[in-house]
Every structure is written in structure tokens, then in C-alpha cells.
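One-letter residues, chain by chain:
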Amino acid sequence: MEKTWRWFGKKDQITLPMLRQIGVEGIVTALHDIPNGEIWTLESILDLKKHIEDAGLKWSVVESLPVSESIKYGGDDRERLIDNYIVSLTNLGKAGIKAVCYNFMPVIDWVRTDLEHHRDDGTASLYFDSVRFAYFDCRILNREGAEKDYSSEVLEKIDALDKTITETEKAQLIDTIIVKTQGFINGNIYEDDKNPVLLFKRLLDLYKGIDQNALRDNMKYFLSRIMPVCEDFNIKMCVHPDDPPRSVFGLPRIVSDAEDIELILSAVDNPHNGLTFCAGSLSAGLQNDVPEMAEKFVSRTHFVHLRSTEVFPDGSFVEADHLKGRGELIELVRIFEKNNPSLPMRIDHGRLMPDDKDKGYNPGYSFLGRMYALAQMDGVMATVKNELEKQ
Ligand code: DNO
């Protein structure tokens, strides 16, 4: 597999020479300064591409070219936004960048409740706590009807938490769930927004009346509109699975399991309509057998995120060591190396090592933690390749 790394552009403190030194071959990045919905000009794409190539690397994958909310819920300006998306894709195609990762999750991309869950060895991982998440939904957002989405056991735990939780912890939950994890990925909410909770509620309102079927129709429409340009330039679209793979905040989610993925791939049955196989996201759903899904979707997989999780009975999960957990990454490498050895892979999230702290890295995107995981997976890939050559 091609070893790639998510790099956040010229402002990233992790520099391209640092990445070459650790064996990275390809870069995964985006024009992070361009607001969601606006056109990526050929000039800005070529400028960043040249910067990457001058460092002896290549721009392998775009992550992400964000899909505006209005395209997802089918708003009045969706035609204009899809037209803009097509122009951006055309410019990427002209620049020779052929893989585009995106997602179709309404309002909120990935969800965590704790960005520094301490482990015994002194490092920290990202964590999702089902009770704290439900607390945020029912007691901080005060979303109408939220209680009916949770079991009586969870509701009791929320009541108990309400008696002990501090104002600082509440502020931290807001910051983690809807600000820190979202802003840097061209999300809907940014670090300096004054009232993120209010903004978030307004965003949720946009989806009133939109169920899974409506969202699927809108995704199908979007894909059908962009396929011609993808065919012209041989651009592979790779949809990122829902993280975690289930509905949150009463929102429809449609890329959570094998059945969902099957529906999307067959709705627009074109090889350019493909998948980002994010083992971490998929592994956080107990319904998902990750290696089985990899076997099933390998031919439509155009990009791989290597990450794993441990899931607890109440649905809480922690990001696991890359060689452990439900992601079964060793098995995945076997499947992908055998069937499509040139697939780009990147390490997704890494632990926060003590020396990564206070460096201002985006949550999950530490240097030492990801480098450590890359070294682990590099060893696995070399071993698997060696085994395959001997067969
Ligand atoms: C989080 C990432 C996601 C991913 C997008 C792709 O760390 O995996 O934000 O980049 O969902 O559109």
C-alpha cells in the first residue's frame, strides 16, 4: 500500500521534510483555508501541489472536499453548490489529483467526548463515552425529544452525572463535541464562534423532516451529478463512513454498515463512486465485522484509514493500539495488499505521547503517536508483502 499522511497544509507544524524522513510517500491534504462551498481554483491547487512536490512528495488524496449542508438536506441553493463542487473537481482533475475523500454526515463529522483519555503508560487516546454524550444531548443541548433515543439505564446515569458534573466539565464537553473536533476539518463551527451551542441547534433544525431515505436520495442525486466529471478526469470519490457508525442527535446517518455501503455503491454503480475504508469508524459499531467488510468492498475501496477501537457494552469506545482491537488491521493489510497493493493508506489518529502535548496539534493528529503507529503498520505491510512474494 502507498504510505500517506494527513498533513494540514503550509501552516502545519509537522513539516514535509519531517514526513519524508519517516518514510511517508504521499500526502493527504485539502485547501483548508477555502470556506466550505467555495471553489478551489486551479491556481491554488497547483500552488499547494508544487509545494508538496518540491519536498519530494506527491499529493495523493484530497481529504476532504467538503459537501455543504445544503447539498445534504436538499436546500434551495444546492444546485449552485453542486456546480461549485464540480468546478473544484474539474480543477483537481486538471492538476492530476485523482482521489477525493468526503463524507455525507449531516451537521457533525466525527464525535468524541474526551480528547485526552489517559492510559496507564502515560499516553492518551481519544474516547467516546456514551453517558457523557447523552448528557450533552439531553442536558446541555436540551434537544427536544432527545430522551427517547436513550435507554432508561443511560437516563439514570445522566441524572447521577448531573449531580457531580462541574461547569468546567460541561464547557469542556461542548468544546470537545462540537468545536475542537470540527473546526479544523472545515466543519460548521469554529474555535472563535461565540455561541456554538446555539449555532449547533440551528444546524440541527435544518434536518427536520429529513430521514435516512431523503438523505440517501440527496446523496444519490449529488453522486449522479458529479460522476461525469469524475469519469472525464478519472477521479475516485471515496466516502468516509459515519463515526461512530450510528445515528447521533436524531440525525439520519447512511454510511454506517455493510448494508448502507451496499446501497450507496449500487445506487450509483460506477467505479468512481467508492469508499474510504476507515477501519476505526467501522470498528466502533458492534454490528460491523471489519475484515469481512474489507473483503466485500475491496474493489470499490480507493483509500484506507488504518485505526482501531475497543468497544464497551454500552457503546462507549476508546481508540485502541493500532495492532489491537476490533479494527483487525493486520488482517486488513493482508486483504488490501493482496487485492490492491497500490491503495493509499494513512494512519488515522495516533496516541498523544507526552512529547506531543502542548504542540497545538489537531486532536488525534499528533506527530509521535502517528509516527509510532506508522512504524508498526509499516512492519506489518513489509511482512505481508514478503509472505505474498513467497507464495
Ligand atoms: C477525523 C476524520 C474525518 C474525515 C472526514 C472525511 O479525524 O477522519 O474528519 O476526514 O469525515 O470527510
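Residues numbered from 1 in each chain as written. Predicted model: local features only at pLDDT ≥ 70, side-chain atom pairs only at ≥ 80, totals over all residues. Heavy atoms only, no water.

1. Some remarks on the domain arrangement of the chain
Phase 1: Looking at the chain, the domain boundaries give domain 1 (2–107 + 210–312 + 321–390) and domain 2 (114–205).
Phase 2: Relative placement of domain 1 and domain 2: their C-alpha centres are 25 Å apart.
Phase 3: Across the boundary between the two partners, domain 1 contributes 27 residues, which contact 27 residues of domain 2.
Phase 4: For the domain 1 and domain 2 pair, buried surface summed over both sides reaches about 2100 Å², with 61% attributable to carbon and sulfur atoms.
Phase 5: Between domain 1 and domain 2 we count 2 salt bridges in total.
Phase 6: With a shortest N-O distance of 3.2 Å, Lys357 and Glu116 are connected by a salt bridge.
Phase 7: At the surface where domain 1 touches domain 2, the tally comes to 6 residue pairs in polar contact (both at pLDDT 80 or more). (Domains from an automatic or database assignment. Contact = heavy atoms within 4.5 Å. Buried area = accessible area lost by both parts, 1.4 Å probe. Salt bridge = Lys/Arg side-chain N within 4 Å of Asp/Glu carboxyl O. Polar contact = N/O pair within 3.5 Å; in protein donor to acceptor, adjacent residues only side chain to side chain.)

2. Considering the sheet that holds strand β6 (residues 124–128)
Phase 1: With respect to topology, 4 strands assemble into an open sheet ordered β5-β6-β11-β10, the strand pairing being antiparallel. Each edge of the open sheet carries a strand with a single partner, namely β5 (114–118) and β10 (309–311). Along the sheet, successive strands turn relative to each other by an average axial angle of 35°, direction set aside. (Pairing = 2+ DSSP bridges. Helix = DSSP H or I, 4+ residues; strand = E, 2+ residues; numbered from the N terminus. Axes fitted to C-alpha atoms, helices over the stretch in contact; angles between N-to-C directions.)

3. Some thoughts on the packing of helix α7 (residues 167–180) against helix α8 (residues 196–205)
Each pair of packed helices can be summarised by the angle the axes make with each other and by the distance between the axes.
Phase 1: Where α7 contacts α8, the two axes come as close as 10 Å, and the packing angle between them is 50°. Overall, the two elements α7 and α8 adopt an arrangement that is oblique. Of the two possible hands of crossing, α7 and α8 adopt the one that is left-handed. Taken together, the residues of α8 that come into contact with α7 (itself represented by Ile174, Ile178 and Val179) are Pro196, Val197 and Phe200.
Phase 2: When its residues are assigned to classes, the contact of α7 with α8 shows 6 nonpolar, no polar and no charged. (Parallel < 35°, antiparallel > 145°, perpendicular 65-115°, else oblique. Left-handed = near helix turned anticlockwise from the far one by under 90°. Nonpolar A, V, L, I, M, F, W, Y, C, P; charged D, E, K, R; others polar.)

4. Details of unusual backbone geometry
Phase 1: A cis geometry characterises the amide bond from Glu63 onward to Ser64, with omega recorded as -5°.
Phase 2: Relative to the helices and strands, Ser64 is located in the loop between β3 (58–63) and α3 (69–73).
Phase 3: Cis geometry is found at the peptide bond from Asp243 to Pro244, where omega equals -5°.
Phase 4: One can find Pro244 in the loop between β7 (236–239) and α10 (258–267).
Phase 5: Of note in this structure, Val107 is not a glycine but carries a positive phi near 60°.
Phase 6: Of the residues examined, Val107 reaches a relative accessible area of 7% and is grouped as buried. (Buried < 20%, exposed > 50% of the residue type's maximum accessible area, 1.4 Å probe, protein only.)

5. A short note on the environment of Gly145
Phase 1: Positionally, Gly145 belongs in the loop between α5 (130–140) and α6 (152–164).
Phase 2: Sequence separation between Gly145 and Phe249 is 104 residues; the distance between their C-alpha atoms is 9.9 Å.

6. Some thoughts on the sheet that holds β7
Phase 1: Judged by pairing direction, the barrel is parallel, and its 8 strands sit side by side in the order β1-β2-β3-β4-β7-β8-β9-β12 before closing back on the first. Sheet twist, expressed as the average angle between the axes of neighbouring strands with direction ignored, equals 30°.
Phase 2: By the bridge criterion, 3 bridges tie strand β1 (residues 2–6) to strand β2 (residues 26–29) in an arrangement that is parallel. Looking at β2, one finds that Trp5 is bridged to Ile27.
Phase 3: Set on the sheet, helix α13 (residues 329–339) makes contact with β8 (273–278) and β9 (301–306); between it and β9 the angle comes to about 155°.

7. Concerning the state of the cysteines
Phase 1: Taken as a whole and assessed by the stated rule, the structure comprises 0 disulfides.
Phase 2: No disulfide involves Cys238; its sulfur sits 6.0 Å from that of Cys101, the nearest cysteine.
Phase 3: Among the residues examined, Cys238 registers a relative accessible area of 0% and is labelled buried.
Phase 4: Of all cysteine sulfurs, the one in Cys101 lies closest to Cys278, which takes part in no disulfide; the gap is 8.6 Å. (Disulfide = S-S within 2.5 Å.)

8. Some words on the pairing of β9
Phase 1: Across the 6 residues that make up β9, a large majority, 6, are buried.
Phase 2: Note: β9 against strand β12 (residues 344–347), 3 bridges, orientation parallel. Paired with His305 across the two strands is Arg346, which belongs to β12.

9. Here we look at the site of the ligand
Phase 1: The local shell around the ligand holds 14 residues, among which Glu63, Ser64, Asn103, His349 and Tyr365 are the closest.
Phase 2: Here an oxygen atom of the ligand sits 3.0 Å away from a polar atom, N or O, in the side chain of Asn103.
Phase 3: Burial of the ligand by the protein amounts to 99% of the accessible area it has alone, namely 330 Å². (Near = heavy atom within 4 Å. Areas by Shrake-Rupley, 256 points an atom, 1.4 Å probe, with all protein chains shown as cover.)

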